[in-house]
Amino acid sequence: MTSISESAYDRRRLRQLVAGGARADGPGRRDVLKMLAAAGALSVLPTTGAFAAGSAAPGIVKPLPSELFTVRGTNAESNFAALRDTGYLTPVERFFVRNHTSTPQPAARDWRLRLWGSGLRTNVGYDEAITLDLDHLRRLPAHTHTAAIECAGNGRSLYASQQGETVAGTPWTLGAIGVARWRGARLSDVLRRAGLRPDAVDVMPRGLDDPYVGGGIDYGRVRRPLPVAKALDDVLLAYEMNGEPLAPDHGAPVRVVVPSWVGISSIKWVGDIEVSAQPLYSPWNTEFYRMFGPAFPEGGGPPLTRQTLKSAFELPFGARLAAGATHRLTGRSWSGAGGVCRVEVSTDGGVRWRHAHLWDEPRRDGWVRWSVDWRPAGVGPALLLARASDTAGRTQPDRATFNTQGYLFDAVVRHPVTIG
Ligand SMILES: Nc1nc2c(c(=O)[nH]1)N[C@H]1C(S)=C(S)[C@@H](COP(=O)(O)O)O[C@H]1N2
Ligand SMILES: [Mo]
């Protein structure tokens, strides 16, 4: 487990937010509400059809064949069924892409990481930043960490399709996740070498991609603060993914990898990191990636940190399975709080449950693959359900807690199939 108390961090940030301690940065809450209203209610797009047929997202470099991806605006969702014949790691060619704008392609030889701010001993501003190039980074001890990157909004479309709730944002099904082997320098090594002050509290990596504009509001370049304790724990500045140099869409030449936290923490194409002795704020930890709604405090819950838990069948929604034959149903389950140690499956809409066979040990920051064999008796529609439990004692609930931006969907998914 991480050594820091994340809930204490969350509570502190929430108090600071409510007290108006936020440094002026980015648009206010009213602007964001306007923007969300302008974006309109979420419309759930079908997994296949016109959108997928295009197989091109503006700004994504790699090919997006429609059997592997569903394009959603500037993003590409992995079709979960297409992960069935992959191993533990998600190949780069099948790994989802979440871009606020488009993939930039900074030349590796010109790339510099700039470190600056009041949390450094030198207390330098951006213009006098301490800089590091790719060779410097590669000369630091290299660490390898197998970890999922999952969008906080993964599963968002199920708020509408399964719970009848309208939420704003990209209508992912369950494919905004991938697991890769990341290799790079530890952020802690870089920060210590740069000279971290003992009273530093936050670090804020920022991407080199274009500023994000939504609903006519310029939010600036993608950036989100991390508490120093997490930054010093297990965060990487990764230059390799699955043994290859990082691909352009996944942050080349260097991205941040923040294991077990929501995907937005893992800033791609990192260009600078502000290190601060005061709490830092950006629209990505004040307006986005916090929970708003009736179940949350007035003004919203704390900035999201850890991911929740989910399960998915490696089968298209609406798949047709032959009656009277034995089928091996396969899937994956994962959790941001610990390893998945139990998966139960129901093939009758949730009346009877049995244990799935787990093909992997419970593993922090990753997923487990599982299977059950099933010989459907009747014909017609059926609902498949999978319910995971993790080593932290969490089990997927029947219903996810509504929040206006549809984050952290964790409910057991009712996966429709047809027998016959
Ligand atoms: N610079 C930058 N970093 C970013 C983003 C972005 O748009 N720009 N998207 C974030 C979000 S919301 C997610 S879920 C992950 C997605 O990582 P991937 O595209 O490699 O799958 O990257 C994060 N890092
Ligand atoms: Mo995301």
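These remarks concern the structure in this document. As the structure is a prediction and not an experimental result, all values here were calculated from the model. (Residues numbered from 1 in each chain as written. Chains lettered and ligands numbered in written order. Predicted model: local features only at pLDDT ≥ 70, side-chain atom pairs only at ≥ 80, totals over all residues. Heavy atoms only, no water.)

### Some details on the nonpolar core
For soluble globular proteins, nonpolar side chains are generally found buried alongside one another. Counted only if it meets this: By nonpolar core is meant a set of buried Ala, Val, Leu, Ile, Met, Phe, Trp, Tyr and Cys residues that side-chain atoms within 4.5 Å join together. Each residue gets one of three labels from its accessible area relative to the maximum for its type: buried under 20%, exposed over 50%, partly exposed in between, using a 1.4 Å probe on protein chains only. A run of H or I in DSSP becomes a helix once it reaches four residues, and a run of E becomes a strand once it reaches two; helices and strands are each numbered from the N terminus. Throughout, a residue-residue contact means that at least one pair of heavy atoms, one from each residue, lies within 4.5 Å.
Counting 47 residues, the largest nonpolar core has Leu-137, Val-203, Leu-237 and Ile-273 as its most contacted members. Among the elements of the structure, strand 3 (112–116), helix 4 (134–139), helix 6 (187–194), helix 7 (228–231), strand 11 (236–241) and strand 14 (270–276) are those that each provide at least two residues to this core. Ranked by residue count, the leading element in this core is helix 6, at four residues. If we ignore the near neighbours within four places in the chain, the residues touching Val-203 are Leu-187, Leu-191, Arg-224, Pro-225, Leu-226, Val-228, Ala-231, Ile-273, Glu-274, Val-275 and Leu-280.

### Concerning the sheet that holds strand 21 (residues 367–374)
Basically, it comes down to this: The pairing criterion is simple: DSSP has to find at least two bridges between the two strands.
Read from one edge to the other, the open sheet built from four strands follows the order 15-17-21-20, with strand pairing classed as antiparallel. Across the chains shown, the open sheet's two edge strands, defined by having one partner strand only, are strand 15 (309–313) and strand 20 (357–358). Judged from the eight bridges that link them, strand 17 (residues 327–335) and strand 21 form a sheet pairing that is antiparallel. Across the sheet, the residue bridging to Ser-333 is Val-368, located in strand 21.

### Observations regarding helix 6
Counted residue by residue, helix 6 has six buried out of eight residues, so it is predominantly covered. Three or more residues of helix 6 are buried, namely Leu-187, Ser-188, Asp-189, Val-190, Leu-191 and Ala-194. With its phi angle positive at about 95°, Gly-195 sits one or two positions after the end of helix 6.

### Overview of the pattern of salt bridges
Where charged atoms of side chains with opposite charge meet at close range, the side chains can pair. Applicable threshold: A pairing counts as a salt bridge when a side-chain nitrogen of Lys or Arg comes within 4 Å of a carboxyl oxygen of Asp or Glu.
This structure, assessed with the given rule, holds 15 salt bridges. One salt bridge connects Arg-332 with Glu-314, and the closest N-O pair in it is separated by 2.5 Å. In this pair, Arg-332 is assigned in strand 17 and Glu-314 in the loop between strand 15 and strand 16 (319–321), connecting sequence segments 18 residues apart. Judged by its relative accessible area of 1%, Arg-332 falls in the buried class. Under the relative-accessibility criterion, Glu-314 is labelled buried at 5%. The shortest N-O distance in the salt bridge between Asp-360 and Arg-369 comes to 2.8 Å. Looking at Asp-360, the relative accessible area reads 15%, which means it is buried. By relative accessible area, which is 25% here, Arg-369 ends up partly exposed. By sharing partners, the salt bridges in this structure join Arg-342, Glu-344 and Arg-387 into a single network.

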